[in-house]
Structure formats: structure tokens, C-alpha cells
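# Chain and residue survey
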Amino acid sequence: MDVRRVLVVGSGAIKIAEAAEFDYSGSQALKAFREEGIETVLVNPNVATIQTSKVLADRVYFLPISREFLERVIERERPDAIACGFGGQTALSACVDLHDSGVLAKYGVRVVGTPVEGIRKALSRELFQKAMREAGVPIPPSLSARSPDEALAAAEELGYPVMVRVSFNLGGAGAFKARSRGELESRIYKAFAQSAIGEVLVEKYLEGWKEIEFEVVRDSHDNVAAVVCMENIDPMGYHTGDSIVVAPCQTLTDEEYQTARDISIAVERAIWLVGEGNVQVAINYAGPEQYAIETNPRMSRSSALASKASGYPLAYIAAKLALGYRLDEVLNQVTKRTVAAFEPSLDYIVVKHPRWESDRFGVEEGLGPEMMSIGEAMGIGRNLEEAWQKAVRMIDIGEPGLVGGPLFRSATLEESLRALERHLPYWPIYAAKALYLGASVDQIYELTKVDRFFIAALRRVVDVWKALESGGASPELLEEAKRLGFSDEQIALALGAKPEDLARSRRRPAVKKIDTLAGEWPADTNYLYLTYGGEFDEPSPKADYLVVGAGVFRIGVSVEFDWATVNLALELKRRGYRVAILNYNPETVSTDWDIVDKLYFDEISAERILDIYEKEGGPVVVLYAGGQIGQRLYPKLEALGVRIGGTRASSVDLAEDRSKFSSLLDRLNIKQPPWFYARSVEEALKLADDLGYPVLLRPSYVLGGTYMAVARDGRELSEFLTKAARVSGEYPVVVSKFMPYGIEAEADAVSDGRRAVVTPIEHVEPPGVHSGDSTMVMPPRRTPGWAVGRMAEIVYTIARELGVKGPLNVQFIVADDVYVIEANLRASRSMPFVSKATGVNYMSLTADVLTKERLPYEEEITTLRSSKWWVKTAQFSWSRIRGAYPRLGPVMYSTGEVASFGDVFEEALLKSWLSAQPNKMPRRNALVYTFDEAYAKDVEEIRRALSWLELLEPGPEVVDLIKWRKVDVVITAGVTPERDYAIRRVAADTSTPLVLHPSLGLELARAFNWLREGGKLAVEPW
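Now for a quick tour of the structure.

Basis of the calculations
Residues numbered from 1 in each chain as written. Predicted model: local features only at pLDDT ≥ 70, side-chain atom pairs only at ≥ 80, totals over all residues. Heavy atoms only, no water. Helix = DSSP H or I, 4+ residues; strand = E, 2+ residues; numbered from the N terminus. Pairing = 2+ DSSP bridges. Axes fitted to C-alpha atoms, helices over the stretch in contact; angles between N-to-C directions. Phe/Tyr/Trp six-rings, centres within 6.5 Å; stacked < 30°, edge-to-face > 60°. Buried < 20%, exposed > 50% of the residue type's maximum accessible area, 1.4 Å probe, protein only. Patch = residues over 30% accessible without salt bridge, like charges linked within 9 Å, V, L, I, M, F, W, Y side chains within 5 Å. Areas by Shrake-Rupley, 256 points an atom, 1.4 Å probe, with all protein chains shown as cover. Salt bridge = Lys/Arg side-chain N within 4 Å of Asp/Glu carboxyl O. Lys, Arg positive; Asp, Glu negative; His and termini not counted. Charge placed at Lys NZ, Arg CZ, Asp CG, Glu CD. Core = buried A, V, L, I, M, F, W, Y, C linked by side-chain atoms within 4.5 Å. Disulfide = S-S within 2.5 Å.

## Focus: the environment of Leu825
Within the fold, Leu825 resides in the loop between strand 31 (818-824) and helix 31 (831-838). Spatially, the C-alpha atoms of Leu825 and Thr647 are 7.8 Å apart, while their sequence positions differ by 178 residues.

## So, the sheet that holds strand 21 (residues 598-601)
Here 6 strands make up an open sheet; going across it, the order is 17-18-21-20-19-22 and the pairing mixed. Only two strands of the sheet have a single neighbouring strand rather than two, namely strand 17 (510-513) and strand 22 (620-622). Along the sheet, successive strands turn relative to each other by an average axial angle of 25°, direction set aside. Pairing of strand 20 (residues 579-583) with strand 21, which is carried by 4 bridges, proceeds in the parallel orientation. In the strand pairing of strand 21, Ile581 is matched with Leu599.

## Examining the packing of aromatic side chains
Inspection of the entire model under this criterion finds 25 aromatic pairs. Pairing Phe33 with Phe86 gives two aromatic rings, centres 6.4 Å apart and planes at 90°, and the pair type is edge-to-face. Residue Phe33 is found in helix 1 (residues 21-35), and its partner Phe86 is found in the loop between strand 4 (81-83) and helix 3 (88-100); the two are separated by 53 residues along the sequence. A relative accessible area of 0% places Phe33 in the buried class. The class for Phe86 is buried, based on a relative accessible area of 5%. The interplanar angle of 15° and the centroid separation of 6.4 Å between the aromatic rings of Tyr885 and Tyr981 together place this pair among those described as stacked.

## Focus on a positive patch on the surface
On the surface, Arg648, Arg754, Arg800 and Lys805 cluster together to form a positively charged patch. On the secondary structure map, Arg648 appears in the loop between helix 25 (634-639) and helix 26 (649-656). For Arg648, a relative accessible area of 44% corresponds to the partly exposed category.

## What about the nonpolar core?
Across soluble globular proteins, you tend to see nonpolar side chains buried next to one another. Core analysis: the largest hydrophobic core is formed by 192 residues, its most contacted members being Phe33, Trp388 and Phe486. Examining the composition of this core, we find that 9 residues originate from one element, helix 18 (residues 452-469), more than from any other. Counting 56 residues, the second-largest nonpolar core is a separate cluster that includes Ile65, Val777, Ala945 and Ala1007.

## Regarding the pairing of strand 31
Of all the 7 residues making up strand 31, 7 are buried; the element is thus mostly covered by neighbouring parts of the structure. Note that strand 30 (residues 805-814) and strand 31 share 6 bridges and pair antiparallel. Bridge assignment links Gln811 to a residue of strand 31, and that residue is Glu822. The hairpin formed by strand 30 and strand 31 contains 3 residues between the paired strands.

## Some points on the pairing of strand 20
Summarising burial for strand 20: 5 of the 5 residues are buried, a large majority. Side chains Val579, Ile581 and Asn583 project from strand 20 onto one buried face, and the interleaved Ala580 and Leu582 project onto a second face that is buried too. As judged from the 4 bridges shared by strand 19 (residues 545-548) and strand 20, these two strands associate in the parallel manner. Paired with Val548 across the two strands is Leu582, which belongs to strand 20.

## Focus on the state of the cysteines
In this structure the tally under the stated criterion is 2 disulfides. Put simply, Cys84 and Cys95 are joined by a disulfide, and their sulfur atoms are 2.3 Å apart. Its S-S torsion of about -100° marks the bond between Cys84 and Cys95 as left-handed, since a negative value means left-handed. Of this pair, Cys84 sits in the loop between strand 4 and helix 3 while Cys95 sits in helix 3, and the two are 11 residues apart along the sequence. Per residue, the accessibility class of Cys84 equals that of Cys95, and both read buried. With its sulfur 2.0 Å from that of its partner, Cys229 forms a disulfide with Cys249.

So, in C-alpha cells, the structure goes:
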């Protein structure tokens, strides 16, 4: 195919169901196109990603992914082709819109890969049914509907229970199970609100059936391969993104496997797939029926998982196939000897485990067909139990495995069985505890409909735990425990011993290589994992540096830390060093095995890092690129004699321990809000009375404001302190005076201990809103010059005092003076934003300090500014967190971010805000209100600025208007769930734009007016 310039459409912000897997797949596609000499143009406003760095695409546009902006990019760039399959549902829907509106035809742009009609067949439930029937592919009894009445009639015809699925949507948004007419009536509005084409499918609920997925590649010559079979441990009815997934499939007979494979291939042929697609198949546990459920004709979360599980780089190969290559013309990137026309063989097992954040949002919802998980981890082992226990540790919820942790120890039999009945997140731990307390495998099966094969694996783990608890410490039992994935910490908990004593006596695990062909051909890449299911290591050259990644994504840790990990590793490679990465997140670019010299796809723990450290002969271990997960390991690893690059452990502890840091600021005469550290709740209540309410609670060693809270009275203080103590463990909780006034600001920096490079950032929202949820502006707009200078001086003073050698971030309140809130001696969430806005890569500066021990600047303080206005906007996923009350506060709630730039502030703000879903310009009306008197004046000012719109009033009538998408935007303030829960919840459920703070609301109102008065939203590359 003759393509000289291709437009690649990204997925925008990280959100629930559309996360970093599209940074990975888009990056792979850009790499594949570049290899062919094709010029690439990328549209993606996600400033935190690796793909929006200049190393991969020839030109990058930080713009909303909508028809209006994409058409203007096409008009300017005149690409020959557009790649739609690497930016998730966001990109697919945008491409279909461009096609249907005639834009692609107008500019002569071809779609590479699956044609638009094939995409439409896959994403419209009605067209998918029709295509499957014509192809003779079995599908469940189901009927499509275009109105609530049609949906109710379909359910009556099919008989309850039914499953409602949504056309043209993402991650099962709006999907639900209904066991009665009343249940269907109460939720059908959300399903229609989430459909881009106003269509749903009502399907007979296949309760208890198994769900498996095949990743299928197909070229334009109809050569096809079913790359990997993945089995959802959870049965049908639970979104695959919320399911625990194992590969290869474990419980299928050969006949079932072959039938499912044939169905998957037939589905992709029926939709004319070119490239890569994912097919979900339902298998009757009582046999022999199988049905095709759905397909995604694009790279997906499952595709990223399958790539990392199998070693088959699906996105790279899909990009090559989209250009017209045959499967037998594309080289296998792992062996470098064989071609892509093969189906990988796995001599290991992988388990993917999701991570949820229900507790943060104050909800306790059971899992269902609508995805709710924030991130995921993948464990690799030589047996199911080993991989599964690893995966549980990797999700970083404080559990040392399937057994032995706080949740396992505290749950009663009654609580465990009730959790299984409701299918709560982390149900395998409840299942293990129920088995421990005497429940049978059959009893667990009846509650969960999880195949007994998997429950039996849990039983084996429980049996070994019991044997250890009873005092069994024979070499044979310890070896069996390690083989089944028990960590040193877990075994020590059972034995009442110390983990370090076990570490000294046990043998090290073996290093094994993923080679896609189960050893039949040698692998050319060092894609490694550690296991106790082997004795001999795969030989490979030693690394100079081990860069530790971010682990599982959760709120507070997302793709920005993958950006830091990858950029630092690449900068070290450019300086001539051999670099290894340790990470286990299958969504990420950092776990792409051709980024660095060696990839260790394994746990991030002191035990595992020590194993790798000894195997590698003592490389420098870098902990500050991956965020908070590395911070916690400084003291343990330093005590074990590990060489840690950059800042010393004692300095990290001084900054992370709130009490020590506050004392340091006092000693340095740096202002901070008045504070105290209390050793008991009683003492805290007394001291808070002296200090005066409201007060702010700040636990130590946490990220994303976990259990940070504003207490307005003694009752709230007592309640919050109990929670904070649980998360902060042995570290202190500091209570400080809450300062809700002034400007909140922060500074990203890199220091070599003597000099510092600093970039100040201003927040639109005032103090009290977590920095991760704030709208950020560069350069500072309202902060006076003297305060910006003082911020830089404070960063420099802290960096010198603590001997910081690497990245740091300091947060401030600017009022009558500059007050420090906190400091983090690591890469920050905003560093990709700062690096791209200033044009100076902060990870390159960090690499200079790491390798040369100095910055490439002579001045003690160098302050960098952006030449244009840059604005970063938080992306929330409120529609996904069923039952949550949308709010802002000291706890972080956003799941991602977008950014854009402009010649004036209003331009940058609007392009950035419109890049976050579901934001759109209001045309007809707006609901602007508050029930909190403290914000009444601010809200009234917004109403005056938006007087050109019809301004609605809060009440039952407006809830109905929002429900049927007749309200353009909701702007509100305060936290008043007792008054407006219904308004905010329905706005979230229907993807109505929701602005939760009047500071942002007023800036947006002014920007809307600027645009109406002739302002221009320019389209120009970064």
C-alpha cells in the first residue's frame, strides 16, 4: 500500500476502560509506520504519554479528539491515510464520524486496517447480529432496541433475566443485568445515554457460562491466526476488564477450545478485520453450546495483555498488516528468525488481576458487566497458584498473596460468603478465607459460578498456609510454598518468623525467558521473569542500571510514571549503559520488551529486587521514576546493602514522614500552615481545639491523597484519624490548620544537591482540592512575581538541605507569604506536562545527575518557563463508579489528564477542557447552582457570565432533563450529598459535562464568552 503520511488517532485521557494500553499500542504502531519510512501525525491530548513525546511521531497535536478538530488537522497535514485501531473506542468512534460526515472522502484519506463498514458491523449490536447470522456464527437469543419501550418489549419476549449491552461504547458503559421489569426500567436511561448511536441490545443472560477471549490477527489476504486464548476466571456477566484472566485457557476440552477458536476466526472474517481484533465467546458449562458475544476490531486492553502474556507484539503486527503486509512477511520480534504467521506456545501461566478503588469513592458495589477497575497487574509463573499469588501482591492493596493478609485475617465466614454472593472486588481472598474456615469447593462454586478448577487452586494455597501455620517449616514444605507463589513475608506471617531470616536460608528463584515458541526457537530479546518452578537461569548480559517502574495503575499513579520510567531508561541507554526495567503492568510501554536491554516482568518488592540485584551482580537500582511504590522500598533495600541511585534513603524518609518534614521546615524558617503530630485520638482532639477547625489530616507515605481529609469538628477528626492510621501504618499522621484561601501552586524540579532546575505551576482551583484533580496553568498567571521567585528559592533550599540528587516536587499555598504543603523526592504526576511545555525533558536532566552527578547548568537556580500558555485538565470517570457522589476535595478522584496550549490563556483552557470526556461547549442551557452558602457569590458570578444561556434551577424536574440528556452542562460547588446526590449522580450516569468547583466554572464561563466574541481555537502542532 502506497502510504507516505498517516494520521494516528489516540485515545485521549486515561479513564476507566481506556487506559495506558493505548499508549502502548499507539507507540507500537508509530514505531511500525516509522520503520516503513512513513511520516506520522498524531492527535492525542494526553500529555502524560510516551507516544506524545517527539521521539515516536513526526508531529504531535494536543487537541480534542473530535470531528471538528480532526478535520482541521487533516486539512492542514493532508495525510494519505488514517489509522483508527490504536486509540481505543475514542479513536474508532471519531473515525466513523469522519467517514460518515464525508471528511475522509473530501480530503482523499484512506482508512488503513479494518474498513469503516467492518467497524460499524462490530460496534452496532444490530449489525453485529445480522453479520453473525449471515456467517452462520452462533449468537445468544437477543433483540436490539432503539427506545426504552422497545427494550422492555424485547425483555418480555426473551424472558428475564436479561443482559443489556450498549452499541458504540467503551468498557461496557451503561451495561447491566436485569432480573425484573422494574430493574430494567430503573436503569435503561443510562444505557441509552452511553450509546453513541442510541441503540442497545437486550440479550438472554447466560448465567454461570464461561467467558473466554481470543486475540485474532488477519491480513488483507485472509491469512489468520488466533494468537492467544485467555480465560476469564469470573463467569459471564462480569466485564472482562473486571475479571481475573488466565492464559492460556485452563478448563476447556480440546473440542471446546477448537470450537471457540473457529468461532473467533469466523467472527473476524465476517467483519472484514484487517489487523487485530478481540473476540469474546460464551461457553456453556454444561455443554456443548457456544456463542459469539462481541468483538472489538481494534487494539484493546485484552490485546495489550495478550501481547505481554504471549510475547506476540499484536499492535506492531496489526500496523504492518494495515499497510497490506501478509502475516508471513512480518518478522517475529522476539525470535528475529521466524515470521508472524504462527500461534504462540506458552510454557508458563499468566494471571491478570484488576485493581479497584471503591473504598476511595465510598461505594461498596459488586462487580457486573460495566467495568469499574482502575488498573491491572499480570503475574507470570510455572503454575496457576504461583502466578495468581504474584498477581495479588502486584495490585498493591496490602495483601501478601491469596492468604495471610489483613483482609484474609479479618474476614469472618459470614462476611466471606456474603462477599462471594455479591461478587465483591477481591473475591478470591474471601473465597480463600471461606475455604480456610470450612466452606467446601462446591459451596464456593454455587455462590460464584467460578469453575471448580480455580477454586481447587485456592484450596491448595489454603492447605499449604494451614500446614505452615501449624509449625511446619520442613525444607520440603518451604520449597512447596515457594513453588506455589508464597512470598517470604507470607511464609514469615504463618510461621511467626522474620522475612529476612527466610531470605538468608532459601534458594533464589530461577530466571526464565518468554520466547513465544516454548523453547523450540531461541529468543533474541531478554523478556524475563523469576520462578520457583525451575532451577537454571537463562544466560544474559548483566545490566548497569535497574530502573523500577510504577507497578499497577491506581488513582494517583498512572501513565505519567510510565513516561518517567521509560524516558529515564532511554536516556541512560543513550549514554551507553546497559539498562534493565522491572515492572509488571501489562498496559505499559515500559513492559515492552524491546525498549531496553532487559525487561524483568515481575514483582516490585524488596524480596524480588534483591533476587534480581544478586543475579545481575549489583546494578544501580533507580527507585524514584515509578512514583510511590519505589519510595516505600528505600529503607529496606538500603538496609540490605543494595546500591540505590540518586537521593539517599534518609532524605526520602525526611520528606515522606509528615512529622519530620514539618520539623525540618520549622528549622529552615520556611513557612507552613500551623501543625501538630498527635500520638492518640484524645490528644489530637485537644490539640485541634487549640489550633481551631477546620484542620487537614495528612498521612505519611501515601499517594493521591489517600485518606487525606478536612475535618470540621471533633467527630470528623476522630473518624478520619482511625482511617488514616490504617493506611499510614507505623508512620505519623500530621494534623495542620486548613488554609482554604490563596493560590495553590507547585514546582517540579531536578537537583544535583548543589543546583536546581525549577518550573513553577499554578492551580486554577484553590487549596483544598487535590493537585491531581486541579486544573494546572503554565506559566503562573495570578501568582505575583515575588512569590514565583520565593517558590524557586524554597525548592533549592530543600534540595540542598536534603542532598536531593534527582527529581522532586514541592507544593505551596501563596497568600500573604509562600507556605509549603509538602515535598516529594521523586518523579511527579506533572513532570511530563512540564517537560513538554518547557521543551526540556526532566528525565534527561535526571539522567545527567545519575551518571555525571551534576546538572548541565552553572547557576544555582535555573527557572524554566513555557513560551506559550499551557493548561492541564483532570479527567474524571464518575460515570463508571456506580453510586459514587461526584465531588472535589483533598482526596484525588481523577483517573487521567489532558493538556493543550495556546497563544492566550482562554484558548489553552478551552482546548484542554474540551479534550476531557464528556466535555462539550454548551449551546442551549446550563444548570449552575450550589447548596453551600460559602460558594453562593461565586456561583452568582458564573450565572451572570452565562446569561446568554437558559439557566436552569436545581430540583426534581431538572433531574429528568439531565436523565434524557437535555442539559448541556452542570456547574456546581461544595459537598452536599444530602441535597443534590440525584443531580450529580444522574449527570455522571448520562455523561453530562460536570464542573465541580466555581473557580474553574468562572474561568470557563469567561473563556466561553471570549470564544463567542471572536476568539480562535488554533490547530497547530507541538
